[in-house]
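# Structural characterization, general
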Amino acid sequence: MFLFRAAFWLTLVVFLLPLDSKDGSSGPGANAFDAIVAARGAIIDMAGMCTRQPEVCSNGGAALATFGSKAREGVSLIYGVINSKLAGNPGQEADPAHEAARGTLRQEDLGPTWRAPAVGGKA
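Let us look at the structure shown here. (Residues numbered from 1 in each chain as written. Predicted model: local features only at pLDDT ≥ 70, side-chain atom pairs only at ≥ 80, totals over all residues. Heavy atoms only, no water.)

## Structural notes on the layout of surface pockets
In this structure, the largest pocket spans a volume of roughly 430 Å³. The wall of the largest pocket is formed by 15 residues, among which Met-1, Phe-4, Ala-42, Ile-43 and Met-46 lie closest to the centre. Of all the secondary-structure elements, those providing two or more residues to the lining of the largest pocket are α1 (2-16), α2 (32-47) and α3 (49-52). Looking at the lining of the largest pocket element by element, the count peaks at 6 residues for α2. Residues belonging to the lining of the largest pocket are distributed by class as follows: 13 nonpolar, 1 polar and 1 charged. (1 Å grid on protein atoms, 1.4 Å probe; cavity = no way out; pocket = protein on both sides within 12 Å on 5 of 7 lines; lining within 4 Å. Points joined across faces, edges and corners; volume = space filled by probe spheres on them. Helix = DSSP H or I, 4+ residues; strand = E, 2+ residues; numbered from the N terminus. Nonpolar A, V, L, I, M, F, W, Y, C, P; charged D, E, K, R; others polar.)

Have a look at this one:
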């Protein structure tokens, strides 16, 4: 629905822009009122499309849901990267869900374990 609104307002702005004709002709005969009437008719026609073609609306709804989930995942990834950069951990994600998968050991914890000297002085 956002795309339809954006397209409507963009079309309205374009129709309201003055036509600068180099040869002095007045240009096409459409004015702002005609554009508004045409846009209103198009919106009314689109509102009735789901009753005429329900499969188009169901497929469109599924496509929008997929797009929405992909957009949410993308924003989550971007947020994690930005958050890690601001926290001073470049290359690491600051998301707690990824923290468990990465582990919580520090670098000094990963060193070799201590062993007692071998019996008899041999190492």
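## Focus on the packing of aromatic side chains
As enumerated under the stated definition, the model contains 1 aromatic pair in all. A centroid spacing of 4.9 Å and a plane angle of 70° characterise the contact between Phe-8 and Trp-9, whose relative ring orientation is edge-to-face. (Phe/Tyr/Trp six-rings, centres within 6.5 Å; stacked < 30°, edge-to-face > 60°.)

## Examining the packing of α1 against α2
Following both chains from N to C, one finds α1 and α2 inclined at 165°, their axes separated by 9 Å at the closest point. In terms of orientation, α1 and α2 fall into the roughly antiparallel class. Judged by the twist between their axes, the crossing of α1 over α2 is right-handed. On α2, the residues that touch Phe-4, Phe-8, Leu-12, Phe-15 and Leu-16 of α1 are Ala-32, Ala-35, Ile-36, Ala-39, Ile-43 and Met-46. (Axes fitted to C-alpha atoms, helices over the stretch in contact; angles between N-to-C directions. Parallel < 35°, antiparallel > 145°, perpendicular 65-115°, else oblique. Left-handed = near helix turned anticlockwise from the far one by under 90°. Contact = heavy atoms within 4.5 Å.)

## Focus: empty space enclosed by the protein
Across all of its chains, the model carries 1 cavity of 30 Å³ or more by this definition. Looking at the largest cavity, its volume works out to about 30 Å³. What lines the largest cavity is Phe-8, Thr-11, Leu-12, Phe-15, Ala-35, Ile-36 and Ala-39. Mapped onto the lining of the largest cavity, the elements with two or more residues apiece are α1 and α2. The dominant element in the lining of the largest cavity, judged by the number of residues it contributes, is α1, at 4 residues. Here the lining of the largest cavity is built from residues that sort into 6 nonpolar, 1 polar and no charged.

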